[in-house]
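Summary of structural features
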Amino acid sequence: MCKELFIDLKAYRQMERQVKRAYPYEACGVMLGHENRVSDVYILENVEDKIIRHAYFSADPLAILKAEKEAKERGLSVTGFYHSHPDRAAGPSEKDREYMIPGMQYVILSVNENGVAGIKGYSKPDTEDVIETVDIEMTVHR
Amino acid sequence: MKVYISATLRNFFERHEELDVTAGSIREILNNLQDEYPDSKKILFDENGTLRNFIQIYAGEDNRTSEDKWDEPLSEGDTILLIPAIAGGAPEESIISDSRRKEVSFDDKEIERFGKHLMLREIGVKGQKRIKASRVVIAGAGALGSAVIQYLAAAGVGTIKVVDFDEVALDNLQSQVIHTTRDLKRPKVASAKDKVKNINRSIVFEAENIKLEADNIADIIDGYDLVIDCTDNYKARYLINDACVLCGIPLVFGAIYQFEGQVGIFNLKDGPCYRCLFPAPPPAGLVPTCSEGGSISPLAGIVGSIQANEALKLIIGIGEHLSGKLLSIDSLYLHSRILNVEKNHSCPLCGSVPTISGVQDFDYDDFCGLKETEEIVIEGFTPEELALRIENGDPITIVDVREPHERAILRFPNAIIIPIGQLARRQNELDPELDTIIICKEGKRSILAINTLREAGYKGPLFNLKGGLDAMKDIVFSHEGAWL
């Protein structure tokens, strides 16, 4: 089980731009790459009701399917998902934990009006309700 | 049937992307998949046999995730999709821990009673359990306390402690709606208890018929989740704030005066405390409290209801709240605004170098100006002594420094009326040869008035009516009609 997640800086910048633009609402997307290396992101739309979108997110499952098919064409796979917590810490909520698919990587970005305030990685090794934290490292590829 | 397995779930299907399953319905497909790939059982279903939240089932573009669609016949050309749902939410920031929430259960009656809460997505069963698990102290069973106690009891707070030393008086009934005429002269905590028990007998109600003091407050609030300040005086406010900071308990503050109210949350995590906003109280007597200044009946209901609402949000961990903010409401002109309250890093209590380390080692009477200073001895008459002087027909001057509305309630005959602000320049209206007695409602503003006159250079003898006109109420003059 990999306890480390490497995110390409360009992919991270994309995530950062998206969650800042979505603030004060939550934003979400798919991380693409190989195993524990994220080289690209696929932005998903937060389709929650607008009145609760500041604290909840969900995405259309068919959009996720589209993301994974496009990734396959480019020789990439889905490594996990990311989303933002506007004005809240980057810890997983109870609902976040319930929706974690075992083996996938999850990244949560804490965002406030000044930008990203924190980023943390998590994964669920198996179907037990146990969450492991994952160290995140930024990588630069020229 | 062709079944497409999302890449995110493929590990549990031996990495197959597409499977051919002989089946006529979703239910049959799910059964066959579990037989063929035993690993998939635990990814598809939880320990109760319920489909996991993150699994979505489509037939073509038609969402068939809901179990009532599992037996619908499938058309031959459809591909069945097993794809993930992703969803989540920001963490709830409740002051009640998950472990305490999980210890709580509900019976059928409670499910019915709290149905209107349970149907709210933000509250639901989890939020209602947090409410039931919570233990809240309400300081003061007066006007604000009336609203706070009743709403928190109705909302289902499990343990309610009410602290109040006072008894129900007739003039309380104009705004303290938890008490009734039948409760006159009973301890306020007793009628509050009756009301709470009538709302919900299963609430644990703890009555403290005691005055909050520096040496008892820590014992009274320690171990509770939240304190709600419904008191009407500065001494109690600072006492409660300081004890909450030292015990690490968040505080929902509320105050009313005439037509205006304030609500704020202090000492929540790293938020500011009451002293960050008001480091010291105003000079004693300068600002009349609600009991002297009056207030319109429903104002306490408005402000107290907001306090109760803030308390519930903190308990459930939802919404935005007034930590680091002060809500100010004007009920006469219907203005409201929210002021930001910054944490003061030089706060003597919660700043980086605190100078107050205990409730005991701080003299509240002195701090709030309630202690008469030793250098200036203020002589006073007891109500009996004043009554005797009046009865004897002694030549004395009586100065009434009360507000016009207070005089309208109880006129004091043969008194000169001089507001405190005009005392210094109107001192020549007083005869320095005669004893001058200053009167007010509670005998505190009169002390301020005497100090003001002395500072302005008045040399004649000045006396304070001890305890004010409140203490004079029970005095009966022999020729009543001529006097009061």
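Note that the structure is a prediction, hence the values are computed from the model and not measured.

1. Describing the overall build of chain A
Counting its secondary structure elements, chain A contains 3 helices and 8 strands. Order of helices (α) and strands (β) in chain A, N terminus to C terminus: β-α-β-β-β-α-β-α-β-β-β. When each of the 142 residues of chain A is scored for burial, the buried share is 43%. Taking the intrachain contacts of chain A between residues at least 6 apart in sequence as the baseline, contacts between residues at least 24 apart amount to 62%.

2. Re helix H1 (residues 26-36) of chain B
All buried positions along H1(B) are accounted for by Ile26(B), Ile29(B), Leu30(B) and Leu33(B). Projection of H1(B) onto a plane perpendicular to its axis shows the buried side chains occupying an angular sector of 100°, all on one side.

3. Some thoughts on the confidence of the model for chain B
Across chain B, the average pLDDT comes to 89, with 94% of residues at or above 70. Our summary of model confidence lists the complex with pTM equal to 0.60 and ipTM equal to 0.90.

4. A few points about the packing of helix H7 (residues 143-155) of chain B against helix H8 (residues 188-199) of chain B
All names here are of chain B. Two numbers describe how H7 lies on H8: the axes approach to 9 Å, and their chain directions differ by 25°. Taken together, the axis directions place H7 and H8 in an arrangement best described as roughly parallel. Crossing hand, H7 versus H8: right-handed. Contacts between H7 and H8 involve Ile149, Gln150, Ala153 and Ala154 from the former and Ala192, Lys195, Val196 and Ile199 from the latter. Tallied by class, residues from the contact of H7 with H8 come to 6 nonpolar, 1 polar and 1 charged.

5. Details of the sheet that holds strand S4 (residues 62-63) of chain B
Residues and elements named next belong to chain B. Strand order in the open sheet formed by 5 strands is S2-S1-S5-S3-S4, with mixed pairing between adjacent strands. Where the open sheet ends on each side, the last strands, each with one partner, are strand S2 (18-20) and S4. As defined by bridge partners, strand S1 (residues 2-5) adjoins strand S5 (residues 79-84) across 4 bridges and the pair is classed as parallel. Bridge pairing in S5 links Tyr4 to Leu81.

6. Digging into the interface of chain A and chain B
Opposite the 30 residues of chain A that make contact, chain B presents 22 residues. The set of elements that each furnish at least two residues to the side of chain A that touches chain B consists of strand S4 (56-58), helix H2 (61-73), strand S5 (77-86) and helix H3 (94-98) of chain A. Of the residues assigned to the side of chain A that touches chain B, the class counts are 16 nonpolar, 8 polar and 6 charged. In this sheet, strand S6 (residues 87-89) of chain B lies alongside S4(A) in antiparallel orientation, the contact comprising 3 bridges.

7. Some words on the packing of H7(B) against helix H13 (residues 297-316) of chain B
Residue and element names in this part refer to chain B. Running from N to C, H7 and H13 point in directions that differ by 40°, and their axes come no closer than 8 Å. Regarding the angle of H7 to H13, the classification is oblique. Helix-helix and strand crossings are classified by hand; for H7 and H13 the assignment is right-handed. Of the residues in H13, those touching H7 at Ala143, Leu144, Ser146, Ala147, Val148, Tyr151, Leu152 and Ala155 are Ala300, Gly301, Val303, Gly304, Ser305, Gln307, Ala308, Ala311 and Leu312.

8. Concerning the sheet that holds strand S18 (residues 435-439) of chain B
Residue and element names in this part refer to chain B. Read across the open sheet, the 5 strands follow the order S15-S19-S18-S16-S17; overall the sheet is parallel. Both outer strands of the open sheet, strand S15 (380-381) and strand S17 (416-417), are each paired with one neighbouring strand and no more. Examined bridge by bridge, S15 and strand S19 (residues 462-465) share 2 bridges and lie parallel to one another. Residue pairing in the sheet places Phe381 in a bridge with Leu465 of S19. Running at roughly 170° to S19, helix H17 (residues 445-455) makes contact with S18 and S19 of the sheet.

9. Some words on the pairing of strand S8 (residues 159-163) of chain B
Residues and elements named next belong to chain B. Note: strand S7 (residues 135-139) against S8, 5 bridges, orientation parallel. Pairing of Val137 across the sheet is with Lys161, part of S8. On the question of chirality, the crossover connecting S7 to the parallel S8 by way of H7 is right-handed. Pairing of S8 with strand S9 (residues 204-208) involves 5 bridges; the strand directions are parallel. Looking across to S9, one finds that Val162 is bridged to Ala207.

10. Quick word on unusual backbone geometry
Each neighbour pair has its own omega, and for Tyr23(A) with Pro24(A) the value is 10°, a cis peptide bond. When you line up the elements, Pro24(A) lands in the loop between helix H1 (9-22) and strand S2 (28-34). Not every positive phi belongs to a glycine, and Asp87(A) is a case in point at roughly 60°. Mapped onto the elements, Asp87(A) comes out in the loop between S5 and H3. For Asp87(A), a count of 15 C-beta atoms within 10 Å puts it in the partly exposed group. Within the chain, Leu334(B) stands out as a residue other than glycine whose phi angle is a positive 55°.

11. Some points on the nonpolar core
Ranked by size, the top nonpolar core spans 75 residues in total, and within it Ile138(B), Ala139(B), Ile149(B), Leu152(B), Val227(B), Ile228(B) and Ala311(B) carry the most contacts. With 60 residues, the next largest nonpolar core counts Val30(A), Phe57(A), Val3(B) and Ile29(B) among its residues.

12. Side note on H17(B)
Side chains three or four residues apart in an α-helix point the same way, a direct result of the helix having 3.6 residues per turn. Residue and element names in this part refer to chain B. Listing the buried residues of H17 in full gives Arg445, Ser446, Ile447, Leu448, Ala449, Ile450 and Leu453. Buried residues along H17 sit in contact with S18, S19 and helix H18 (468-472). After H17 finishes, the residue Gly457 shows a positive phi value of roughly 95°.

13. Re the environment of Ala207(B)
Residues and elements named next belong to chain B. Relative to the helices and strands, Ala207 is located in strand S9. For the pair Ala207 and Val137, spaced 70 residues apart in sequence, the C-alpha to C-alpha distance is 10.0 Å. Residues in contact with Ala207, not counting those within four places in the same chain, are Val162, Val189, Ala190 and Lys193.

14. A word on the pairing of strand S14 (residues 335-340) of chain B
Counted residue by residue, S14(B) has 0 buried out of 6 residues, so it is predominantly exposed. Hairpin connection of strand S13 (residues 325-330) of chain B to S14(B): 4 residues between the antiparallel strands, including Leu334(B) at a positive phi of 55°.

15. Concerning the environment of Glu385(B)
Along the chain, the position of Glu385(B) falls in helix H15 (residues 383-392). Residues Glu385(B) and Leu465(B), 80 residues apart in the sequence, show an inter-C-alpha distance of 9.3 Å.

16. Here we look at the environment of Ala90(B)
Tracing the backbone through its elements, the reader meets Ala90(B) in the loop between S6 and helix H3 (98-102). When the C-alpha positions of Ala90(B) and Ile318(B) are compared, they lie 9.9 Å apart, and in sequence the two are 228 residues distant. What Ala90(B) contacts, discounting residues up to four positions off in sequence, is Glu26(A), Ala55(A), His85(A), Arg88(A) and Ser93(A).

What counts, and at which threshold
Residues numbered from 1 in each chain as written. Chains lettered and ligands numbered in written order. Predicted model: local features only at pLDDT ≥ 70, side-chain atom pairs only at ≥ 80, totals over all residues. Helix = DSSP H or I, 4+ residues; strand = E, 2+ residues; numbered from the N terminus. Buried ≥ 20, exposed ≤ 12 C-beta atoms within 10 Å, placed from the backbone. Contact = placed C-beta atoms within 7 Å. Arc of directions from axis to C-beta. pLDDT = per-residue confidence, 0-100. Axes fitted to C-alpha atoms, helices over the stretch in contact; angles between N-to-C directions. Parallel < 35°, antiparallel > 145°, perpendicular 65-115°, else oblique. Left-handed = near helix turned anticlockwise from the far one by under 90°. Nonpolar A, V, L, I, M, F, W, Y, C, P; charged D, E, K, R; others polar. Pairing = 2+ DSSP bridges. Right-handed = clockwise from strand over helix to strand, strands pointing away. Core = buried A, V, L, I, M, F, W, Y, C linked by C-beta atoms within 7 Å.

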